[in-house]
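Report on the structure
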Amino acid sequence: QVQVVESGGGLVQAGGSLRLSCIASGRSLGEYAMGWFRQAPGKEREFVAAIRWDSDSPYYGDPAKGRFTIALDYAKRAVYLQMNSLKSDDTAVYYCAAGRSPGNLRSQHEYGSWGQGTQVTVSS
């Protein structure tokens, strides 16, 4: 089993940037993918970005395209989400998740390990 812990959320003005971090611990990560999801108040959880440890190929949801970047640090067993040009619509709790050999990286049901979430608030 893999455990994940996120950090890096906070309050930022519209147009600003934040970098979220997620550290994975536990078993070997070679078969895993890491995903970022977010959930705003009153809305369903939505896919933001994902990446596989064995291929380093990123996948992005519509909210992230052109503004967010997901990246791995193999030495630190970390995955980062760099968020630029933030908008008030990006305000949400952001979750890091790990899934073993997930088929559909965009589906939260493919991920078995979740962090506690980190709040991102963008002020306009």
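Now for a look at the structure at hand. Keep in mind the model is a prediction, meaning the values are calculated, not measured.

1. Quick look at the nonpolar core
Formed by 31 residues in total, the largest nonpolar core has its most connected members in Met34, Trp36, Val79, Leu81, Met83 and Tyr94. One finds Ala33, Phe37, Phe47 and Ala97 within the second-largest nonpolar core, a separate group that totals seven residues.

2. Digging into the environment of Gly115
Along the chain, Gly115 falls in the loop between β10 (113-114) and β11 (118-123). Beyond its immediate chain neighbours, meaning those up to four positions away, Gly115 contacts Val4, Glu6, Tyr95 and Cys96.

3. Structural notes on the environment of Ser17
In this structure, Ser17 sits in the loop between β2 (10-13) and β3 (18-26). C-alpha separation for the pair Ser17 and Lys87, spaced 70 residues apart in sequence, amounts to 9.8 Å. Look past the residues within four positions of Ser17 in its chain and what remains in contact with it is Val12, Gln82, Met83, Asn84, Ser85 and Leu86. A polar contact is formed between the side chain of Ser17 and the side chain of Asn84, at a distance of 2.9 Å.

4. Quick look at the state of the cysteines
Under the definition given, this model contains one disulfide. Across a sulfur-sulfur distance of 2.0 Å, Cys22 and Cys96 are joined as a disulfide pair. In this structure, the disulfide formed by Cys22 and Cys96 twists by about -75 degrees around the S-S bond and is classed as left-handed. Of this pair, Cys22 sits in strand β3 while Cys96 sits in strand β9 (residues 92-100), and the two are 74 residues apart along the sequence. Note on accessibility: Cys22 and Cys96 belong to one class, buried.

Cut-offs and rules
- Residues numbered from 1 in each chain as written.
- Predicted model: local features only at pLDDT ≥ 70, side-chain atom pairs only at ≥ 80, totals over all residues.
- Heavy atoms only, no water.
- Core = buried A, V, L, I, M, F, W, Y, C linked by side-chain atoms within 4.5 Å.
- Buried < 20%, exposed > 50% of the residue type's maximum accessible area, 1.4 Å probe, protein only.
- Helix = DSSP H or I, 4+ residues; strand = E, 2+ residues; numbered from the N terminus.
- Contact = heavy atoms within 4.5 Å.
- Polar contact = N/O pair within 3.5 Å; in protein donor to acceptor, adjacent residues only side chain to side chain.
- Disulfide = S-S within 2.5 Å.

The values reported here are purely geometric and, on their own, carry no functional implication.
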